[in-house]
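Below, each chain spelled out in residue letters.
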Amino acid sequence: MASPAAPPPRPRGHKVNAFQLIALLLAFVLVAGVGGVLAAGLFIPAVAGAKAVTDTTIEVFNDLPTELDRKPLPQTTTFYASDGKTVLARFYDQNRTDVSLKQISPYMQHAMVAIEDKRFYQHGGIDVEGTLRALVNNATSSDTQGASTLTQQYVKNVLIQNALAETDPAKKAAALEAARGKTNERKLREAKLAISLEKNMTKDEILAGYLNIAQFGLKVYGVEAAAEYYFSTTAAKLTPVQAATIAGITQRPGDYDPTVNPSDSQRRRNQVLNDMYQQSYITKKQYDAAVALPIKKTLKLDKTSITNGCQPATAAALFCDYVTRVISNNDDGAFSSWGKTSTARLDTLKKGGFKIVTTISLKDQKIATKKVRNAVPVGKKSTTTAKSGEVVKLQLESALASVEPGSGKIVALAQNRPFDGSAKPIKNGSSVNFAADEDHGGSKGFSPGSSFKVFVLAEWLKEGHSLYENVNGTPRTFPRTAFHASCIRGWSPWTVGNSDGSETGSMNVLRATYDSVNAAYGDMETRLDMCGIGKTAESMGFRGSESGKSKVEVTGPSMALGTQNTSPLQQAAAYATLASNGTYCAPIAITSITSANGKKLQVPSAHCDSNALDPKIASTITYALSNVLKGGSAKGNELAGGRTAVGKTGTAQRSKAVWFVGYTPQLSTAVVVTNAEYEVDLHNVTVAGSKYAPTEQRWMYGGTISAPTWKAYMDEALAGEPNEAFPSPDSSLVGKPKVTTPPPSKDGGDKKDKGGDGSDLGDRIKKLLDGSGSGNSSGTGTPSSGSTSGPGNGDKHGGGK
């Protein structure tokens, strides 16, 4: 025998007519006033037994909650410059900043009560008189009336916010309909929750909650954001006329926004002022003065306060985007609590109300942006000549990164092309950050060329060699057996040449460094463990720029001339290890994060390692680089006023990317010039509009544009700063010069073309060390790593003029 069918589930969400609702409200309010919400809930069935309401009404009432789930409100997160005061950018889902009632002007409090709920301080959550009047009117007339108290309006807004927080689309839609629908059931739910809320919150708490949650314009939530946007002030300083304007908006934010409908907004404002006067919140004199003011004259808009995202940061937009990627990538695990995915962490950023102080110096940032754009202007097509002889038009890129030695703080991150992270970037703009690595919005990076040689030199000194030790600078093919590596096997013979073929024969490592002689560095490498070079480079901070390939790649002998792509930011950080005399700090962009409730949160650490490089080796390398600016591959780019500074040029094979990386004790900066979109030989180059290379360059080198850009930035960024000296080199690592007479050069020592001075090598070195030596040769050969059998990176002397 078949089982009887189960009874259908009890229906939920039944309709309630106006008279049923009146009966429920009367019963609920009367009983709640005596015995509380729970008692009222228990007593309602007795009222129903008297046939005042139906069974269906009882079911609907019993379905309603008595506790309001108040989740934290979405708040605006703000990025600040290094001074902790200057706003860089804002991020929000709803533009809001929560404040306490003590931080809200009494005029603002009174204006809201006057216009929205004049019996706010007398009722217990619902205004029975107003509710009954509105319900009867709405049941018998086509003209509807509202009767919600501030408490009920607060409840409604909380329910809407809870619905918006739902992640499931179907649940979100249902919750929004329940919170916004024009039904008596919604009114009953709000009433029940409002009375319950009044039992658990004070009037001041409810008023503060409402003033923070309410909408006051299309992109404005809460009175603090409203005060900032409409009047460039804080909620605490609002005047009667300002408070009345804001209070008038919330009934219909789109219609009463004074920037959209000033006439309607002014009429509404004056109504609020009248209610304030009638309820004795302002005097007749204050009322007359306020209504006489045209609303347009009272506004003092702060349009930046409603901007959202990095784009409004203009010159600092590039850096701003970098910071957002630090967060979304969960750098150093500092943002694990913000979400499990990058999307979740960015969502937390937009809702968390954080105050994030960054490392950026806006002064230095503006200088950097100006200098890279002077060097390689945008919108003016440069030209280069392809191997086929075809003249190719292109837009070259120039990027600069500057960090503080000893802390890792990024003080500037700039590029010539305006940064635009939108789906369709502006003309000449780019959504790629050419100064950073791929994981932080950058490209896959650029070959560093001979700017990598400092890491070879560091390993040279670590393994017991000195600067005055002689090496062979003659271009040649090194057999496979000439090299040693403890961590890899299998590399090919390596043919290495010098950029113009003029550097040959025996020379000491000091000269090989400031003239950046490729073959000499190849000879040095035969006496070292290539894997040791890799370890030293990594310890000092060299990092690959491609995603997932940050570790130093030991691939074979050509690594000595910079075969692994890197970024300006990481090169600046690596050279900062030398500037700080051996301490490597990972680049950081954030110094502090404060939550909306004032709690200090974790930030990514620079993990400064004071043992990254022996201080004696660091100071000796700095000494070796000191002649690059005086008479080496970047001659003519010494800093103004005799300021102490050193650096190194770098030129990728066939000048595909040209670098200068240099530093003082206070600042380490890297500059690169390249065609970032695709590799191009910078041969017979004309850089349209360039301040530093106005004429055609047969080959572009690190000293052509990159070094002058570096100088221009450093001169201005360090203006007014003390001229600090570097520590003295270690005498045992410097060694003693071996004075020899070199063979005559191929050009007979012509000063004009080759910079020769006819003196022997020992004299030339001495003069350079004294700061009075002759300039670097400016030959015209092809920049090359000397590798004729595969890709490599090279330099006109490793990045000369």
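The coordinates are above.
Residues numbered from 1 in each chain as written. Predicted model: local features only at pLDDT ≥ 70, side-chain atom pairs only at ≥ 80, totals over all residues. Heavy atoms only, no water.

1. Some thoughts on unusual backbone geometry
Reasoning step 1: With phi around 60°, aspartate 332 is a residue other than glycine that occupies positive phi space.
Reasoning step 2: Tracing the backbone through its elements, the reader meets aspartate 332 in the loop between helix H14 (317–328) and helix H15 (342–351).
Reasoning step 3: Not every positive phi belongs to a glycine, and arginine 654 is a case in point at roughly 55°.
Reasoning step 4: Along the polypeptide, arginine 654 turns up in the loop between strand E14 (646–651) and strand E15 (657–663). (Helix = DSSP H or I, 4+ residues; strand = E, 2+ residues; numbered from the N terminus.)

2. A few points about the pattern of salt bridges
Should their charged atoms come close, side chains of opposite charge can pair.
Reasoning step 1: With the rule as written, the count across this model stands at 23 salt bridges.
Reasoning step 2: For lysine 284, the salt bridge is made with aspartate 288, and the minimal N-O distance between the two is 2.8 Å. Residue lysine 284 and its partner aspartate 288 are located together in helix H12 (residues 284–291), separated by four residues, close to a single helical turn.
Reasoning step 3: Overall, lysine 284 belongs to the partly exposed group, its relative accessible area being 42%.
Reasoning step 4: We note a salt bridge from lysine 656 to aspartate 681, for which the minimum N-O separation is 2.7 Å. Remark: aspartate 681 occurs in the loop between strand E16 (668–674) and strand E17 (683–685) and lysine 656 occurs in the loop between E14 and E15; sequence separation between them is 25 residues.
Reasoning step 5: Judged by its relative accessible area of 12%, aspartate 681 is buried. (Salt bridge = Lys/Arg side-chain N within 4 Å of Asp/Glu carboxyl O. Buried < 20%, exposed > 50% of the residue type's maximum accessible area, 1.4 Å probe, protein only.)

3. Side note on the sheet that holds strand E2 (residues 87–91)
Reasoning step 1: Spatially, E2-E1-E3-E12-E13 is the arrangement adopted by the five strands of the open sheet, whose pairing is mixed. Every interior strand has two partners, whereas the edge strands, E2 and strand E13 (600–601), have only one.
Reasoning step 2: Taken together, the four bridges between strand E3 (residues 355–358) and strand E12 (residues 590–594) define a ladder with antiparallel strand orientation. Residue pairing in the sheet places isoleucine 356 in a bridge with isoleucine 593 of E12. (Pairing = 2+ DSSP bridges.)

4. Notes on the pairing of E16
Reasoning step 1: The buried fraction of E16 amounts to seven of the seven residues, a majority that puts the element mostly inside the structure.
Reasoning step 2: In E16, alternate side chains face the same way, and those of Ser668, Ala670, Val672 and Thr674 on one face and Thr669, Val671 and Val673 on the other are all buried.
Reasoning step 3: Where strand E6 (residues 397–403) meets E16, seven bridges bridge the pair, whose relative direction is antiparallel. Considered in E16, the bridge of serine 402 is made with threonine 669.
Reasoning step 4: Two strands pair when backbone bridges link them, and E15 and E16 are joined in this way by seven bridges, in the antiparallel orientation. Across the sheet, valine 658 pairs through a bridge with valine 673, a residue of E16.
Reasoning step 5: Counting the residues in the hairpin turn of E15 and E16 gives four residues.

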